[in-house]
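Notes for the structure review
These are the residues of each chain, in order.
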Amino acid sequence: METKQHDLVIIGAGPGGYISAIRAAQLGLNVACIEMEKALGGTCLRVGCIPSKALLESSEHFHEAQNEFKNHGIGIEGLSLDLKKMMKRKDTVVRQLTTGIAGLFKKNGITHYMGKGRIDGPGKVIVEGKDEAILECKNILIATGSVSAPLPGVELDGDRIGTSTEALAYSEVPEHLVVIGAGVIGLELGSVWKRLGAKVTVLEYMPNILPGMDAELVKHATKIFKKQGLDFKLGVKVTGATKEGDTCTVTMEGEESITCDRVLLAVGRRPNTEGLGLDSVGIETERPGIIPINDHFQTSVPGIYAIGDVVRGPMLAHKAEEEGVACVEGIVKGYGYINYDAIPGVVYTHPEIATVGKNEEQLKEAGIEYKAGTFPFMANGRAKAIGDTDGFAKILVDKTTDRILGAHIIGPQAGDLIAELAVGIEFKASSEDIARSSHAHPSLAEVVKEAAWAAYDRPMSM
Ligand code: FAD
Ligand code: NAD
C-alpha cells in the first residue's frame, strides 16, 4: 500500500467534511478527504436534506393542484401522479449536487480518496477500498456523521420496514404507512406520503409531537397536521414491527396492534463510529456513540478533531458546516468562531416550522424575564394574496434590554424568514432594531417586523 502525506485528513464527505475540506484548502492546507460512498455530500445530499426537500416540493405541488388550485379559479381535469418521474426528478437533483461537490474538490485541489477510512494511530489513517493507501498527516478530522437509530423489536428489512432511506424511494404510494416517531423525519416524510394519497399513522412515545420545540408552536402545528389528515397516536410505546408477505404488523404496549403495508422507523439517529479505529488512539465514545470534544473540536487526542453529527448538539447540516469552518480555522489560525444560539432549525412541512435561540420553556426554566411579541400570518397582505394564512411569528426578548433571545415561526416560508432573526441574534439585535428596519410591502417578512413591533411596543397592522 502506498504511503501519502497530507496536512489534514478528513474522514467523511458530508456537509461537515466537505465544507471543512474546502475551507482548509482555501487556507492553504494540503487536504485529503476520504468517503466510503461513491457520491460525495454525505447523508444530507444523498439520502437526507436534499432528496426529502425535492419530494416535499413535488408532493406539495400535487396536493395544491388537487386541493388549492380551484380556490384560484383554476380547474384541472384528469390530474394524475407519475411517481416514477417524481423520483427521477429527485434523483437528478441529488446527482447534480453531489457531482457539484466533486467539482469543488477539484477546483480547490483537495485529494479525494474513495474508500473506508480507519485511524491507525495519531497522524495515521488507512484507506481500505478503491483508493487504498496509508495517509500520514499532522491532523485528522472525523466527520463520519450518523446513521438511523434502531428500535428493539422493529425488524428492518430494507424494504417494507425501513428507515428514511427507504421512505425516500418507495416504488408506489403506500396504502397505509405507519411512522414510528413524530420528530422531524416522521413529520416531513409522513407529509410527503399523505399528500400523495397514503393513510398515515404516526406513533410517538412522548405526549407531544416534536419534543423539545416551543410548546405554543407544537400545539398549533399539531392542530394543522391533524386537519391535513395525519393520524397521531401520542404517548405510545412501540414494542415491535414485523412483516409477513406484504403485510406489516406494528405492536405497542397496552394498545391494539396496527397492520399496514409500510413502516418508517424515525426515532432519531446515532453517531457513526463503527470500524473507525478509535480504539487505536484511545478515544472513548459517550452513549450513544458520541465522540467527546473540547471547545476547539479536539478529541482527547491532540491532532484528532471531530465535528457534525458524530459530536454533541443538534444533528443539522448547517451546524456541521459551521463546526467544520470553526474547526479548521482553529487549526490554521489558532481561533475559530461558532454561536450555537444562532443556529436555526427548520421542519419543512406545510406550513414550515422554524426556530432559533431559546424557546419560552427554556427561558422560564433559566429564570430569565422575557417579553413575547406575536403576529399572525392571517393579518398579512401577502399571506392573504397567496392564500396561505395559517400560523404566526413569535419573538422573545429580554424584558429589560429588549435583546432578542429566541424566535419561533410557523407559517409559509418560515424556514427562510427565520434567517433574519438568526442574523439578529448573531448581531445582538433588539426587537426595536428589527421593528424599525424597513421590510418590503407586501411581503411575508412583514410578519417578522410586526412581531418585533409587538415585542417592542405594539403591532400596527392588527
Ligand atoms: P453525514 O452527512 O452523515 O456525512 C458523513 C459521511 O461520512 C457519509 O457520507 C459517510 O458515508 C461517510 N463515512 C462514515 N464513516 C466513514 C469512514 N469510516 N470512511 C469514509 N467515509 C465514512 N439537516 C438539515 O440541516 N436540514 C434538513 O433539511 C435535513 N433533512 C434531513 C432529512 C433526512 C431524511 C435525514 C436522514 C437527515 C436530514 N438532516 C437535515 C440531517 C443532516 O443530513 C445531517 O445533520 C448532516 O448530514 C450531518 O452532516 P455530517 O457531515 O456530520 O455527516
Ligand atoms: P428526532 O429526534 O427528530 O425524532 C424522533 C422522535 O421519535 C422523537 O419525537 C422521539 O420522542 C420519538 N421516539 C423515540 N423513541 C420512540 C419509540 N420507541 N416509539 C415512538 N417514538 C419514539 O429524530 P428523527 O426524526 O429520526 O431525525 C433524526 C435527525 O435528523 C434529527 O436530529 C434531525 O435534526 C435531523 N433531521 C433534520 C431535518 C431538518 O432539519 N429539516 C429533517 C430530517 C432530519
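Each remark here, short or long, concerns the structure printed above.
Quick summary incoming for the structure in this document. (Residues numbered from 1 in each chain as written. Chains lettered and ligands numbered in written order. Predicted model: local features only at pLDDT ≥ 70, side-chain atom pairs only at ≥ 80, totals over all residues. Heavy atoms only, no water.)

**Observations concerning the sheet that holds strand β12 (residues 238-244)**
To be explicit about the condition: Strands pair, by our definition, only if DSSP identifies at least two bridges between them. In DSSP terms, a helix is any run of H or I states spanning at least four residues, a strand is any run of E spanning at least two, and both are numbered starting from the N terminus. Lines fitted to the C-alpha atoms define the axes, with helices restricted to the stretch that makes contact. Angles between their N-to-C directions range from 0 to 180 degrees.
Within the open sheet, the three strands sit side by side as β12-β13-β14. Their pairing is antiparallel. Because the sheet does not close on itself, it has two edges, and the strands there are β12 and β14 (255-260). Strand-to-strand twist in this sheet, taken as the mean axis angle between neighbours without regard to direction, amounts to 15°. In the sheet, strand β13 (residues 247-252) pairs with β14 via four bridges, with the strands oriented antiparallel. Bridging from a neighbouring strand, Met252 pairs with Glu255 of β14.

**Comments concerning a nonpolar patch on the surface**
Rules: Exposure above 30% relative accessible area and the absence of a salt bridge qualify a residue for a patch, where like charges join within 9 Å and nonpolar side chains (Val, Leu, Ile, Met, Phe, Trp, Tyr) within 5 Å. Methods summary: accessible areas were calculated by the Shrake-Rupley approach with a probe of 1.4 Å, and residue burial reflects only the protein chains presented. When a carboxyl oxygen of Asp or Glu lies within 4 Å of a side-chain nitrogen of Lys or Arg, that pair is called a salt bridge. Type-normalised accessible area, obtained with a 1.4 Å probe on protein chains alone, sets the label of each residue: buried when under 20%, exposed when over 50%, and partly exposed for intermediate values.
Among the surface-exposed residues, Ile74, Ile76 and Leu79 lie close enough to one another that they form a single nonpolar patch of about 230 Å² accessible area. Its location among the elements puts Ile74 in the loop between α3 (49-67) and α4 (83-107). Of the residues examined, Ile74 reaches a relative accessible area of 43% and is grouped as partly exposed.

**A short note on the side chain of Arg262**
Note the threshold: Think of a polar contact as two N or O atoms within 3.5 Å of one another; within protein, one of them needs to be a possible hydrogen donor and the other a possible acceptor, and neighboring residues in sequence only count if both atoms come from side chains. Contacts are assigned to residue pairs that have any heavy atoms within 4.5 Å of one another.
One can find Arg262 in strand β15 (residues 262-265). Only 3.0 Å separates the side chain of Arg262 from the side chain of Asp159, close enough to count as a polar contact. Not counting residues within four places of it along the chain, the set of residues in contact with Arg262 comprises Asp159, Arg160, Tyr170, Ser171, Glu172, Pro174, His176, Leu177, Val178 and Cys248.

**Topic: the environment of Ala326**
As for its position among the elements, Ala326 is in helix α8 (residues 317-333). With relative accessibility at 3%, the residue Ala326 sits in the buried group. Distance in space between the C-alpha atoms of Ala326 and Pro302 is 17 Å, their sequence separation being 24 residues. The contacts of Ala326, once residues within four sequence positions are left out, are Phe297, Gly336, Tyr337 and Ile338.

**Digging into the nonpolar core**
As a reminder, the rule being used: What we call a nonpolar core is a set of buried Ala, Val, Leu, Ile, Met, Phe, Trp, Tyr and Cys residues that are connected through their side-chain atoms within 4.5 Å.
Judged by nonpolar contacts, the single largest core of 48 residues is most densely connected at Phe105, Leu135 and Ile142. Ranked by the residues each element gives to this core, the list is headed by strand β6 (residues 133-142), at six residues. Apart from the residues lying within four places of it in its own chain, the contact partners of Leu135 are Lys4, His6, Val9, Ala32, Ile34, Tyr113, Gly123, Lys124, Val125 and Val127. By size, the runner-up hydrophobic cluster in this structure holds 36 residues, among which are Met87, Val202, Leu210 and Phe392.

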